[in-house]
Each structure stands twice: as structure tokens, then as C-alpha cells.
Amino acid sequence: MSSSAACGFVIRTTTGKPLVATAFNVGCTIVPVAEALALRNSLICAKEKGFTKIDVEGDSKLVIDAVNQVSAPSWKFL
């Protein structure tokens with residue numbers, strides 16, 4: 001495990017204009033968990049802002065495959 005991990009996300013318009021940008025510390029964890037937390041938090045934020053149509057991009061194939069149920073993740077969120 002790393003000593004400390006951080007992650008974040010950006011929500012943009014269809015033209016690329018940033019609407020929300022945030023970063024946060026997630027403590028001691030592994031990269032896929034930090035990536036999954038960023039995804040989860042971005043979806044929560046999008047829902048809270050009332051966005052109903054979104055495209056999601058990420059750079060963790062493991063997390064994307066888990067979300068798309070291509071493979072089972074090796075962790076669980078409480």
C-alpha cells in the first residue's frame with residue numbers, strides 16, 4: 001500500500017468547459033480503490049447537481065471492467 005492516496009474528478013459540458021473539479025485525500029489505499037472512489041464520488045456529485053445524461057471516462061481498466069460487470073473487483077465498498 002502507498003503511504004497516502006488522493007484522487008479527483010472533473011465534470012465538463014459537452015464542449016469541454018469544466019463545471020466541477022475536485023480532489024480529495026483517501027488515505028492509505030491501493031490505486032484501483034482510489035480510482036473507484038473517484039468514480040463513485042463523481043457519480044454522486046453528478047446526481048446531486050441534477051445531471052441526467054452523462055458520459056464517464058476513466059483510466060483504470062480494472063475499475064471500468066468492474067463497473068461494466070466484465071470482471072469482479074477484488075474489493076467491496078461498505
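Now for a quick tour of the structure. (Residues numbered from 1 in each chain as written. Predicted model: local features only at pLDDT ≥ 70, side-chain atom pairs only at ≥ 80, totals over all residues. Heavy atoms only, no water.)

### Looking at the pattern of salt bridges
Counting across every chain of the model gives one salt bridge. Taking the shortest distance from any N to any O, the salt bridge between Asp 65 and Lys 61 comes out at 2.7 Å. Here Asp 65 pairs with Lys 61, and both are found in helix H2 (residues 61-67), just four residues apart, close to one helical turn. The class of Asp 65 is buried, set by a relative accessible area of 15%. Given a relative accessible area of 58%, Lys 61 falls into the exposed group. (Salt bridge = Lys/Arg side-chain N within 4 Å of Asp/Glu carboxyl O. Helix = DSSP H or I, 4+ residues; strand = E, 2+ residues; numbered from the N terminus. Buried < 20%, exposed > 50% of the residue type's maximum accessible area, 1.4 Å probe, protein only.)

### Concerning the pairing of strand E1 (residues 5-12)
Residue alternation in E1 divides its side chains into a buried set, Ala 5, Cys 7, Phe 9 and Ile 11, and an unburied set, Ala 6, Gly 8, Val 10 and Arg 12. As paired strands, E1 and strand E2 (residues 18-27) are joined by eight bridges and run antiparallel to one another. When the sheet's bridge partners are listed, Phe 9 is paired in E2 with Thr 22. With antiparallel pairing between neighbouring strands as the criterion, E1 and E2 make up a hairpin whose turn holds five residues, including Gly 16 at a positive phi of roughly 95°. (Pairing = 2+ DSSP bridges.)

### Topic: the nonpolar core
Grouped together as the largest cluster of nonpolar side chains are twelve residues: Ala 5, Cys 7, Phe 9, Ile 11, Val 20, Phe 24, Val 33, Ala 34, Leu 37, Ala 38, Cys 45 and Ala 46. Breaking this core down by element, the ones donating at least two residues are E1, E2 and helix H1 (31-48). No other element matches H1, which puts six residues into this core. Excluding residues within four positions of it along the chain, Ala 46 makes contact with Ile 11, Phe 51 and Ile 54. (Core = buried A, V, L, I, M, F, W, Y, C linked by side-chain atoms within 4.5 Å. Contact = heavy atoms within 4.5 Å.)

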